[in-house]
Number of protein chains: 2
Amino acid sequence: MPNYGGSLDRVFQALADETRRAMVQRLIRGPVSVSELARPLEMSLPAVMQHIQVLEACGLVRSEKIGRVRTCRIEPDVLRTAEDWLAEQRTSWERRLDRLGDYLLDDPGTPEQGSL
Amino acid sequence: MPNYGGSLDRVFQALADETRRAMVQRLIRGPVSVSELARPLEMSLPAVMQHIQVLEACGLVRSEKIGRVRTCRIEPDVLRTAEDWLAEQRTSWERRLDRLGDYLLDDPGTPEQGSL
DNA sequence: GCCATAGTTAGGCATGTCCTTAACTATGAG
DNA sequence: CTCATAGTTAAGGACATGCCTAACTATGGC
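Below is a summary of the structure that appears in this document.

## Topic: the pattern of salt bridges
Part 1: For the structure shown, the criterion picks out 12 salt bridges over all chains.
Part 2: Note that Arg 21 of chain B is salt-bridged to Asp 9 of chain A, the shortest N-O span being 2.7 Å. On the criterion of chain membership, the pair formed by Arg 21 of chain B in helix H2 (residues 18-28) and Asp 9 of chain A in helix H1 (residues 7-15) is interchain, its members lying in two chains.
Part 3: A salt bridge links Glu 75 of chain A to Arg 62 of chain A, with the nearest nitrogen and oxygen atoms 2.6 Å apart. Highlighted residues: Glu 75 of chain A in the loop between strand S3 (69-74) and helix H5 (76-106) and Arg 62 of chain A in strand S2 (residues 61-66), separated in sequence by 13 residues.
Part 4: We classify Arg 62 of chain A as partly exposed; its relative accessible area is 47%.
Part 5: One continuous salt-bridge network, built from bridges that share partners, spans Asp 9 of chain A together with Glu 18 and Arg 21 of chain B.

## With respect to the protein's contact with DNA strand D
Part 1: In the vicinity of DNA strand D there are 20 residues, among which Ser 35, Met 49, Arg 68 and Arg 70 of chain A together with His 51 of chain B approach most closely.
Part 2: The contact atoms of DNA strand D, taken as those within 4 Å of the protein, divide so that sugar and phosphate hold 65%.
Part 3: Here Arg 20 of chain B contributes a side-chain N or O atom positioned 2.9 Å from a phosphate oxygen of DNA strand D.
Part 4: The contact in question runs from a phosphate oxygen of DNA strand D to an N or O atom on the side chain of Ser 44 of chain B, over 2.8 Å.
Part 5: Broken down by secondary-structure element, the contributors of at least two residues to the surface near DNA strand D are helix H3 (34-38), helix H4 (45-57) and S3 of chain A together with helix H4 (45-57) of chain B.
Part 6: Of all the elements, H4 of chain B adds the most residues to the surface near DNA strand D, at 4 residues.
Part 7: Residue classes in the surface near DNA strand D are distributed as 8 nonpolar, 6 polar and 6 charged.

## Digging into empty space enclosed by the protein
Part 1: For the structure on display, the rule yields 1 cavity of 30 Å³ or more.
Part 2: When its volume is computed, the largest cavity comes out at roughly 40 Å³.
Part 3: As for the largest cavity, its lining consists of Arg 90 and Trp 93 of chain A together with Pro 76, Leu 79 and Arg 80 of chain B.
Part 4: Sorting the residues of the lining of the largest cavity by element identifies H5 of chain A together with helix H5 (76-106) of chain B as the ones contributing at least two each.

What counts, and at which threshold
Residues numbered from 1 in each chain as written. Chains lettered and ligands numbered in written order. Predicted model: local features only at pLDDT ≥ 70, side-chain atom pairs only at ≥ 80, totals over all residues. Heavy atoms only, no water. Salt bridge = Lys/Arg side-chain N within 4 Å of Asp/Glu carboxyl O. Helix = DSSP H or I, 4+ residues; strand = E, 2+ residues; numbered from the N terminus. Buried < 20%, exposed > 50% of the residue type's maximum accessible area, 1.4 Å probe, protein only. Near = heavy atom within 4 Å. Polar contact = N/O pair within 3.5 Å; in protein donor to acceptor, adjacent residues only side chain to side chain. Nonpolar A, V, L, I, M, F, W, Y, C, P; charged D, E, K, R; others polar. 1 Å grid on protein atoms, 1.4 Å probe; cavity = no way out; pocket = protein on both sides within 12 Å on 5 of 7 lines; lining within 4 Å. Points joined across faces, edges and corners; volume = space filled by probe spheres on them.

Right under this line is the structure:
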């Protein structure tokens, strides 16, 4: 069972914004400069910068400045961390359903309750 | 390719809080009353109620009041929606890495750039 | 009917988020 | 050097979030 630290807070928070999800989807296709990232977005450059900072703060994105161009790239590990947490919940749910099914087949007396 | 609507905003937002993730984990184990949900949490009941409302608003949780007890249960579909989005990003990333590998093996001239 | 239990509503406060404009720095082209 | 490009910093405004307390309603046990 992974640890997840407090980092899930920041990752899910980062992904809870349409603009930042669009940025992630763009960066999945390959590294890109700040102004290239900003181009399809209808907002000021400082606003874009702030989104990038949120993505960097949670480790979803890394960036490097060469000359006057900052190039951003995705960091897929953190994306995986979030996916893992969700998968863990889903499998817990599925295991519970299985146990519940077995139980009901065995002794169809009392309905479900609590941890079972 | 799924649609995801604007619902991902609310789901990720809901999951971006430690307390609400703890609630989800508890509810995965089975349906539970409001005060039972509140017990392990160090906050007032109204605060717990507000968290439940957030979880219900994004469809992660459904609840039903019988007598004076409100019983909450998880709604796993929405959890799956979030997981699907993340999986989609990851597989896009993996496919891109594959294409990149093929390309570099084929003609190791120009480095990666843009959509490739 | 009386009281404890379970939940709800209302109001308020501190902090966080998302965006803006204005002014600024640094780099590359000519 | 001069100018345009690429990005950055600072300050502030509008609104959302997460929590609280106080006061309230509804139900069930006796």
